[in-house]
Amino acid sequence: DHQEHLRARILRSLDPNSPEHDMFFVLSDESMHVAANQYLFPVMLLGDMVDDFTSIDTQVVVDLWTQFRFPEGFAPRSVRFGDDFDFEAFNAARQDWQDANVLIALNAFEQGKAIVKHGEGEEGEEPPTPSDAKLVAA
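Note that the coordinates shown come from a computational prediction; the quantities given were computed from them, not determined experimentally. (Residues numbered from 1 in each chain as written. Predicted model: local features only at pLDDT ≥ 70, side-chain atom pairs only at ≥ 80, totals over all residues. Heavy atoms only, no water.)

> Give a detailed account of the side chain of Arg7, specifying residues and quantitative values.
Mapped onto the fold, Arg7 is located in helix H1 (residues 2–14). A relative accessible area of 13% means that Arg7 is categorised as buried. A distance of 3.2 Å separates a polar atom in the side chain of Arg7 from a polar atom in the side chain of Glu4. Among the polar contacts listed, one links the side chain of Arg7 to the side chain of Gln111, at a separation of 3.4 Å. (Helix = DSSP H or I, 4+ residues; strand = E, 2+ residues; numbered from the N terminus. Buried < 20%, exposed > 50% of the residue type's maximum accessible area, 1.4 Å probe, protein only. Polar contact = N/O pair within 3.5 Å; in protein donor to acceptor, adjacent residues only side chain to side chain.)

> So what's going on with the nonpolar core? Residues and values would help.
Among the nonpolar cores identified, the biggest contains twelve residues, and these are Leu6, Ile10, Leu14, Met32, Ala35, Ala36, Tyr39, Val102, Ile104, Ala105, Ala108 and Phe109. Ranked by residue count, the leading element in this core is helix H5 (residues 87–118), at five residues. Leu40, Val43, Phe53 and Phe90 belong to the second largest nonpolar core, which has eight residues in total. (Core = buried A, V, L, I, M, F, W, Y, C linked by side-chain atoms within 4.5 Å.)

> Any details on the confidence of the model for the protein? Residues and values, ideally.
Reading fine detail from the predicted coordinates is not recommended where pLDDT is low. For the protein, per-residue confidence averages 77 on the pLDDT scale, and 80% of positions sit at 70 or higher. Ranking the elements of the protein by mean pLDDT puts helix H6 (residues 130–137) last with 44 and helix H4 (residues 77–81) first with 91. Ignoring residues within four places in sequence, the model shows residues 121–138, a span with pLDDT below 50, making 18 contacts including any to other chains. (pLDDT = per-residue confidence, 0-100. Contact = heavy atoms within 4.5 Å.)

> Got a sec to walk through the pattern of salt bridges? Specific residues and values, please.
Under the counting rule described, the total for this entry stands at two salt bridges. Put simply, Arg7 and Glu4 hold a salt bridge, and the shortest N to O gap is 3.2 Å. Here the residue Arg7 and the residue Glu4 both occupy positions in helix H1, the gap between them amounting to three residues, near one helical turn. Looking at Glu4, the relative accessible area reads 41%, which means it is partly exposed. (Salt bridge = Lys/Arg side-chain N within 4 Å of Asp/Glu carboxyl O.)

What follows is the structure, given as structure tokens:
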């Protein structure tokens, strides 16, 4: 689940005891959007189904970020699926997912700051799930 990975990665970046402590995500509000979209981007771009924009083989994402290459024979969905591809549905799904990820990133950042400041997280406070994010955005 890329959204749980997003949340966990932000928390690890804020933990001074973590090997991934790098404070990358604390530069600006814009960095929250970058954090939220870096996990969304490969799934939306490289997915191989015409109407499911949320799933992809994990290795495809790993290869993109570690080898900086697209899979052999890659073409955008609009090329692969032609008239069967619904750009409006794709764009709506991307926007909903992006909005949810920004909320998850912001919440994880706030939770991480509390952990750094107090040495532990707020009791019972969890980042919003994708469905919670849609309710918050509504």
